[in-house]
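# Structural overview
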Amino acid sequence: MNSPAKPRKLPTQAIAAKIFHSINIISLFLMLTSGLQIYNANPVFGGRAGLHILPIFTLGGWLAGSRHWHFAAMWIFSLNLLFYGIYILITRRWRHRFVGSNDIKALQKTQNPKRLTYAWHRIIYTSIIPILLLAILTGIGMYKPAQFPWIVDMFGDWQALRIVHFASVPLVVIFVIIHWRLGQNAGGEELTASMFW
């Protein structure tokens, strides 16, 4: 007689992780769309005659409006990162979230696809931290160049600062896509959904 199959245990996440992911998605969307409107006012590549983004992909309607949206979302995003950073330090969750020597060894030796997925996930999760810090730093330099001229000086000049800030955008978008895909590989739709509700 066959014993009944055990029901599959659905993944669960801490409420802090759900809040963090939800706020990140919303604030990133607001920063991306308002940032594209700011870009349209003075394109980084090609000057005034450079590539322009269609209005359907932008937020703010005009330069000042988009700046208000962008900076409001930036504060939400930055504070969310700060609070989540404090949370993972206090709860020691960082030990399971960021890359370690075992992950590098796994990439070299293991044939277990699940183990490889987790190793890549921690590598990607770790690599986004300097990219986000760079985006925030360059954003502050562009927002308050008179108060933080040393940030502009770090990158050489204003235009170089803008290029670095603009280049951080596709890196963050690529991270989100890879992060989502690795989550799908590790636990399917259930794991991805558990990050939000």
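Note that this is a predicted model, so its numbers are computed, not measured.

When helices and strands are counted, the protein chain shows seven helices and zero strands. When the helices and strands of the protein chain are read in sequence order from the N terminus, they spell out α-α-α-α-α-α-α. Overall, the C-alpha framework of the protein chain stretches about 75 × 35 × 30 Å when taken along its three principal axes. The buried share among the 197 residues of the protein chain stands at 34%. Taking as baseline every contact in the protein chain between residues at least 6 positions apart, the subset at least 24 positions apart corresponds to 62%. Carbon and sulfur atoms make up 71% of the accessible area of the protein chain, which totals about 12,700 Å².

On to the nonpolar core. Counting 12 residues, the largest nonpolar core is built from Leu 30, Met 31, Phe 71, Ala 73, Met 74, Phe 77, Ile 124, Ile 128, Leu 132, Val 172, Phe 175 and Leu 182. The element best represented in this core is helix 2 (residues 63-90), accounting for four residues. In contact with Leu 30, other than residues within four places in its own chain, are Leu 59, Trp 69 and Ala 73.

This part is about the confidence of the model for the protein chain. Taken over all residues, the pLDDT of the protein chain has a mean of 85, while the share at 70 or more is 93%. Taking the mean pLDDT of every element in the protein chain, the minimum, 72, falls on helix 3 (residues 94-97) and the maximum, 94, on helix 6 (residues 149-154).

Let us look at the packing of aromatic side chains. Aromatic ring pairs are defined here through the distance separating the ring centres and the angle between the ring planes. Counted by the stated rule, this structure contains five aromatic pairs. Taking the centre distance of 3.9 Å and the plane angle of 10° together, the rings of Phe 20 and Tyr 84 count as stacked. Of this pair, Phe 20 sits in helix 1 (residues 15-41) while Tyr 84 sits in helix 2; the two residues are 64 residues apart in sequence, bridging distant segments of the chain. You can call Tyr 84 buried: its relative accessible area is 7%. Measuring from centroid to centroid gives 5.7 Å for Tyr 84 and Tyr 87, while their planes differ by 35°, and the two rings are tilted. Highlighted residues: Tyr 84 and Tyr 87, both in helix 2, separated by three residues, approximately one helical turn. Ring pairs connect the aromatic residues Phe 20, Tyr 84 and Tyr 87, which therefore count as one cluster. The ring of Tyr 143 carries the charged tip of Lys 144 above its face, separated from the ring centre by 4.9 Å.

According to UniProt, the feature "transmembrane region" (unreviewed entry) maps to residues 15-33, 45-63, 69-90, 123-143 and 163-182 in the numbering used here. Its end C-alpha atoms 32 Å apart, residues 69-90 is made of 100% helix and 0% strand. Annotated as 100% helix and 0% strand, the span residues 163-182 places its first and last C-alpha atoms 29 Å apart.

Moving on: the packing of helix 5 (residues 113-143) against helix 7 (residues 158-194). Orientation of helix 5 relative to helix 7, taken along the N-to-C sense of each, is 155°, at an axis distance of 8 Å. The orientation of helix 5 relative to helix 7 falls into the category roughly antiparallel. When the axes of helix 5 and helix 7 are compared, the crossing they make is left-handed. Among the residues forming the contact of helix 5 with helix 7, the class breakdown is 19 nonpolar, 10 polar and two charged.

Quick notes on the rules
Each chain has its residues counted from 1, running along the sequence as written. Only residues with pLDDT of 70 or above have their local features reported here, since the model is predicted, and side-chain atom pairs are shown and tallied only from 80 upward, although totals for entire chains, interfaces and linings are computed over all residues. Values reported for side chains reflect all heavy atoms of the structure, with hydrogen atoms and water molecules removed beforehand. Secondary structure elements follow DSSP: runs of H or I no shorter than four residues count as helices, runs of E no shorter than two count as strands, and numbering proceeds from the N terminus. Residue exposure (1.4 Å probe, protein chains only): buried if accessible area is under 20% of the type maximum, exposed if over 50%, otherwise partly exposed. The contact rule is simple, with two residues in contact once any of their heavy atoms fall within 4.5 Å. Surface accessibility follows the Shrake-Rupley procedure with a 1.4 Å probe radius. Residue values consider only the protein chains on display as shielding. Put simply, a nonpolar core is a bunch of buried Ala, Val, Leu, Ile, Met, Phe, Trp, Tyr and Cys residues held in one set by side-chain atoms that sit within 4.5 Å of each other. pLDDT is a per-residue confidence score from the predictor, ranging from 0 to 100. Two rings from Phe, Tyr or Trp (for Trp, the six-membered ring) form a pair when their centres sit within 6.5 Å of each other. Planes less than 30 degrees apart are called stacked, planes more than 60 degrees apart edge-to-face, and all others tilted. Should the NZ of a Lys or the CZ of an Arg lie within 6 Å of a ring centre and within 35 degrees of the ring normal, that charge is described as sitting over the ring. UniProt positions are given in the numbering used here, feature names are shortened, and annotations may be inferred rather than shown by experiment. Angles run from 0 to 180 degrees between N-to-C directions of axes, and those axes are lines fitted to C-alpha atoms, restricted for helices to the stretch in contact. Note on terminology: angles under 35 degrees are roughly parallel, angles over 145 are roughly antiparallel, angles of 65 to 115 are roughly perpendicular, and the others are oblique. Here is the rule for handedness: rotate from the far helix to the near one, and if that takes an anticlockwise turn smaller than a right angle the crossing is left-handed, while a clockwise turn gives right-handed. Residue polarity is assigned by list, with Asp, Glu, Lys and Arg as charged and Ala, Val, Leu, Ile, Met, Phe, Trp, Tyr, Cys and Pro as nonpolar; anything else, Gly included, falls into the polar class.

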